[in-house]
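Below, each chain spelled out in residue letters.
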Amino acid sequence: MRRIALSQACLAFLLITGCRSPRNDKGTVVFLIESSPTSLDPRIGTDAQSEHIDELIFDGLVVRDANFRVAPGLADRWDLPDPRTLIFHLHPDVHFSDGRPLTSRDVLWTLNSMRDGTVITPKGASYTSVASIEAPDAETVVLHLKYPDNFLLTNLSSGAMGIVPYGSGRDFWQHPVGSGPFRFVSQEIDKEVVVDRNPLSWRGSGNQGNIQRVRFAVVPDPITRALELRKGSADLESNSLLPDMFTVLAAEKHLVVESVGGTQVQYIAFNTIDPILRDVRVRQAIACAIDLPLILSTLQDGRARPATSLLPRTHWAWTQNVARYNYDPKRARSLLDQAGYHPDSNGVRVHLTMKTSTDEGTRLLAATLQQQLAQVGIALDIRSYESATYIQDLTRGSFQIYALRWIGGNEQPDIFAYAFSTARIPPKGANRGRYRNSKLDALLDDASASTDQAHRRDDYVQVQQILAQDLPAFNLWYKDSIVVHNRRITDVTISPSGNFNFLCAAKVQM
């Protein structure tokens, strides 16, 4: 825990020695983010920064409300004349930010470009149920399905995807054009993304804020982000600081710290085809060696809740009836004995490597796990990489253990297929650990096709039980969604998933 104390000391020093900086661009809101988005093409970007910024620039056919239900987006309404036909009726008179009308032709291009390889994207696998798409007129889109798909609407929602203009190719990310409440202005990798208010936005009451321009400034170091907020040279951040910083920042008269219970899940995942980690007893031993209550009270400063599933606790498919792994070093050692890993003369049973990003919170978690796993004879080597290399390695399966968060995508049960089904091994999805379980695949297929919610819940309960037993990944906690902002920003409504949509209705005092 020395690194936690170190971060507190560094922050305290910076806050004491810092001074308020005058702002010459009071009409621009400066929003601090940890890293550049990997792609501002909503058909491709899957990291948090990409999806959150894309959601401001683009619109999906539908949106998801606070209760995880699907609501109208670009589509005013939709019809299901039979389980294999989905008809969308588009909102009239929608335009892209460059003035081009948005019609059914753009919807067809967007979906087909993800399905036919025009763009290379893991999101394309979300539309394998689609047999064909047609546009009988400019405001109607008809999807013909190979089989019923309960998750298709979710995968057509804002955040999951966005409608792009007809003809948009692989270089679209460099100059993206959407129909959302904000429009793209510029991007400089590893420095900033700038967006401003889209005067052609078709949205109504949800777009009544007065923020005209947002500069998403890339600041990788959390202490520097805290200092920029304190100095007044930045206006806000969302879920990017270390928990021990919030108390210090809340004492600043010009800053506000606001939070809600979050749906983001912090987890660690295992390479299930690794010679050591393919043994479920080793994965279970690691889970038993983790003192989660201690981590939550120290690393998270009590601003998180234990997670037993990827789904939010309020979701209709969530269950707590799963295998648990309370902190139990004795059980961890026994499981390692059963797996054939006995201590050597130095007490070491096995050597493993954990890859992390350069995010300080993740590195602190890895350092803590290194200390805790050592107590049961697991020597954990930590290797940190910048974001693009890190994600590339995970996609290739070049890891033993890694740590990430699920942000937003885990609010619907199709996350189980995306993250764990055999069909979604990269590049077709996020089953980075190469986990395979035929029973789980069958349950997921059955749940996707069934129209009976009680039956689907039974499937998903079994899915969660299988995952808790096999542990291709170990869910740690639900992170509170926390925003720190300057008091000149008002009407901030925080999303549990941590998206940036509050910028649409927020107001700024010049």
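Given the structure is predicted, the values throughout are model-derived calculations rather than measurements.

Attention now moves to the pattern of salt bridges. Throughout the structure, instances matching the rule amount to 19 salt bridges. A salt bridge links Glu51 to Lys123, with the nearest nitrogen and oxygen atoms 4.0 Å apart. Of this pair, Glu51 sits in helix α2 (residues 48–57) while Lys123 sits in the loop between α3 (104–115) and β6 (130–137), placing them 72 residues apart in sequence. In this structure, Glu51 and Lys123 share a single accessibility class: buried.

Turning next to the packing of helix α13 (residues 438–449) against helix α14 (residues 453–470). At their nearest, the axes of α13 and α14 sit 9 Å apart, and the two run at 155° to each other. Between α13 and α14, the crossing angle belongs to the class labelled roughly antiparallel. Crossing geometry of α13 relative to α14 is assigned as left-handed. Where α13 approaches α14, its residues Lys439, Leu440, Leu443, Leu444, Asp446, Ala447 and Ser448 are matched on the opposing element by His455, Arg456, Asp459, Tyr460, Gln462, Val463, Ile466 and Leu467. Partitioning the contact of α13 with α14 into residue classes produces eight nonpolar, three polar and four charged.

A few words now on the pairing of strand β15 (residues 378–385). Sheet topology places strand β14 (residues 350–357) next to β15; eight bridges connect them, and they run parallel. Paired with Thr353 across the two strands is Asp381, which belongs to β15. Of the crossover connections in this fold, the one passing from β14 over helix α10 (residues 360–374) to the parallel β15 is right-handed.

This next bit is on the confidence of the model for the protein chain. Chain-level statistics for the protein chain give a pLDDT mean of 92 and a share of 94% at 70 or above. For the stretch residues 1–6, pLDDT sits under 50, and the model shows twelve contacts to residues farther than four places along the chain or on other chains.

Conventions adopted
- Residues numbered from 1 in each chain as written.
- Predicted model: local features only at pLDDT ≥ 70, side-chain atom pairs only at ≥ 80, totals over all residues.
- Heavy atoms only, no water.
- Salt bridge = Lys/Arg side-chain N within 4 Å of Asp/Glu carboxyl O.
- Helix = DSSP H or I, 4+ residues; strand = E, 2+ residues; numbered from the N terminus.
- Buried < 20%, exposed > 50% of the residue type's maximum accessible area, 1.4 Å probe, protein only.
- Axes fitted to C-alpha atoms, helices over the stretch in contact; angles between N-to-C directions.
- Parallel < 35°, antiparallel > 145°, perpendicular 65-115°, else oblique.
- Left-handed = near helix turned anticlockwise from the far one by under 90°.
- Contact = heavy atoms within 4.5 Å.
- Nonpolar A, V, L, I, M, F, W, Y, C, P; charged D, E, K, R; others polar.
- Pairing = 2+ DSSP bridges.
- Right-handed = clockwise from strand over helix to strand, strands pointing away.
- pLDDT = per-residue confidence, 0-100.

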